Amino acid sequence: MATSKVLAGARVVLPTGTVSGGRVIVDGTRIAGSAPADAETLDLTGHWLVPGFVDMHNHGGGGASFTNGTVEDILHGVHTHRLHGTTTLVASTVTGDMDALAQRAGLLSELAEQGEIAGVHFEGPFISPCRKGAHSESLLRHPDPAEVRKLIDAARGQAKMVTLAAELPGGIDSVRLLAEHGVIAAIGHTDATYEQTVAAVDAGATVATHLYNAMPGLGHRAPGPIAALLEDERVTVELIDDGTHLHPAAFQLAFHRAGADRVALITDAMDAAGFGDGTYHLGPLEVVVSEGVARLAEGGAIAGSTLTQDRAFQRAVTVDGLPVEDVVTAISATPAKILGVYDRVGSLEPGKDADLVVLDADFALKGVLRKGEWVVDPK
């Protein structure tokens, strides 16, 4: 049960900067401006206090898949990521049969309505066979606006994002449809040219799905989608900072070009996140996870990740050398804003949900509070 508490003594990262020896007051499920008389005080001297992490691209964890699992499986996967600091999570599907995807959208939308997840992200089937990654080619299809609308309707107002290749027939019209319905059109798994990508952004696309991955590389004569997505201030770029998906130099290039306000750190996690090596399935495809790296059993393409957001945060600070405040922005505030939930989560401010993460001096996770209740107790 959520109780009143004062978290005192930590370095607190606020939208205005870091406060040393600061405090955050929690009253029930919300962050408060003043402490009730019966509030208990927890001394967090020597720690960092940051907002709960927001992951807008996540396929599962703890051995559970958001695409294939039962309700209990999904809740287990969500809880696994909460243990790693992700207090707000969008459940991502992978390419599948349209009827099956619509049915899955209905199930996930119920969990979104209950507040367990923050919505649904459809990654596929409207993607390029040239850049399919870990998606079944036989199930891919062109982004017919009528079929895109079918998935939106199946999600009953809980569709947050659709990843598509806008260069395919129907792509631009589908981007416009998504924008008109308040659903994020994300450019990804695409073979688009620079010019085609610019046209997609002009039509309403606002996110780059895991920038660099599953798209043509940056060329000096044919810059492709990477340059178009990085240069446009209207676009938020997803980055997977696990040391596998991106070379550190590519990560740094994108982060510093776009800036923290336009970067969303994501996991793109699959079942094995928080679980371990072994054989899994991503949709209908078999995936082998070895030493924490997920690859298709056939062909060896990278198949999502085993990343958790606490590891992404720690790596961004300790390996990439980014300022803590920038990492907080990219892992909490920016995704919350693009998802339209920044009024409730994404920063430590009075009136918002009491979602926060306690980190030690080395940025290892020590505590997680979600809506005023400890998921991981730092005591």
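Attention in this report is confined to the structure presented alongside it. (Residues numbered from 1 in each chain as written. Predicted model: local features only at pLDDT ≥ 70, side-chain atom pairs only at ≥ 80, totals over all residues. Heavy atoms only, no water.)

All right, on to the packing of helix α4 (residues 171-180) against helix α5 (residues 194-203) then. Packed helices, taken two at a time, are described by the angle their axes make and the gap between the axes. Close contact between α4 and α5 brings their axes to 8 Å; oriented N to C, the two are set at 25°. It follows that α4 is roughly parallel to α5 by the angle criterion. In the packing of α4 onto α5, the handedness of the crossing is right-handed. In contact with I172, V175, R176 and A179 of α4, α5 contributes A199, A200 and A203. (Axes fitted to C-alpha atoms, helices over the stretch in contact; angles between N-to-C directions. Helix = DSSP H or I, 4+ residues; strand = E, 2+ residues; numbered from the N terminus. Parallel < 35°, antiparallel > 145°, perpendicular 65-115°, else oblique. Left-handed = near helix turned anticlockwise from the far one by under 90°. Contact = heavy atoms within 4.5 Å.)

This part is about the pattern of salt bridges. The full count for this structure, using the stated rule, is 15 salt bridges. R234 serves as the salt-bridge partner of D202, at 2.7 Å between the closest nitrogen and oxygen. Residue D202 is located in helix α5, and its partner R234 is located in the loop between α6 (224-231) and β14 (236-239); the two are separated by 32 residues in the primary sequence. The network of salt bridges with shared partners includes D202, D232 and R234. (Salt bridge = Lys/Arg side-chain N within 4 Å of Asp/Glu carboxyl O.)

The next subject is unusual backbone geometry. Put simply, G124 and P125 share a cis peptide bond, and its omega is 15°. Among the secondary structure elements, P125 is positioned in the loop between β10 (120-123) and α3 (145-154). Positioned with a positive phi, R156 is a non-glycine residue whose angle comes to about 50°. Position of R156 relative to the elements: it lies in the loop between α3 and β11 (159-164). With phi around 45°, H189 is a residue other than glycine that occupies positive phi space. Considering the arrangement of structural elements, one finds H189 in the loop between β12 (184-187) and α5. The buried category is assigned to H189, whose relative accessible area is 4%. (Buried < 20%, exposed > 50% of the residue type's maximum accessible area, 1.4 Å probe, protein only.)

Let us now look at the sheet that holds strand β17 (residues 285-290). Here we have three strands laid out as an open sheet, ordered β16-β17-β18, and antiparallel in their pairing. Across the chains shown, the open sheet's two edge strands, defined by having one partner strand only, are β16 (278-282) and β18 (293-296). When the angles between neighbouring strand axes are averaged without regard to direction, this sheet yields 35°. In this sheet, β18 lies alongside β17 in antiparallel orientation, the contact comprising four bridges. Pairing of V289 across the sheet is with A294, part of β18. (Pairing = 2+ DSSP bridges.)

Turning our eyes to something else, we now look at the side chain of N213. Inspection of the secondary structure assignment puts N213 in the loop between β13 (207-208) and α6. In this view, N213 contacts I240, H245 and L246; residues no more than four positions away in its chain are not counted.

Strand order in this open sheet of eight strands is β6-β9-β10-β11-β12-β13-β14-β15, and the pairing throughout is parallel. For this open sheet the edge positions go to β6 (53-58) and β15 (263-265), each flanked by a neighbour on one side alone. Two strands pair when backbone bridges link them, and β11 and β12 are joined in this way by four bridges, in the parallel orientation. In the strand pairing of β12, T163 is matched with A186.

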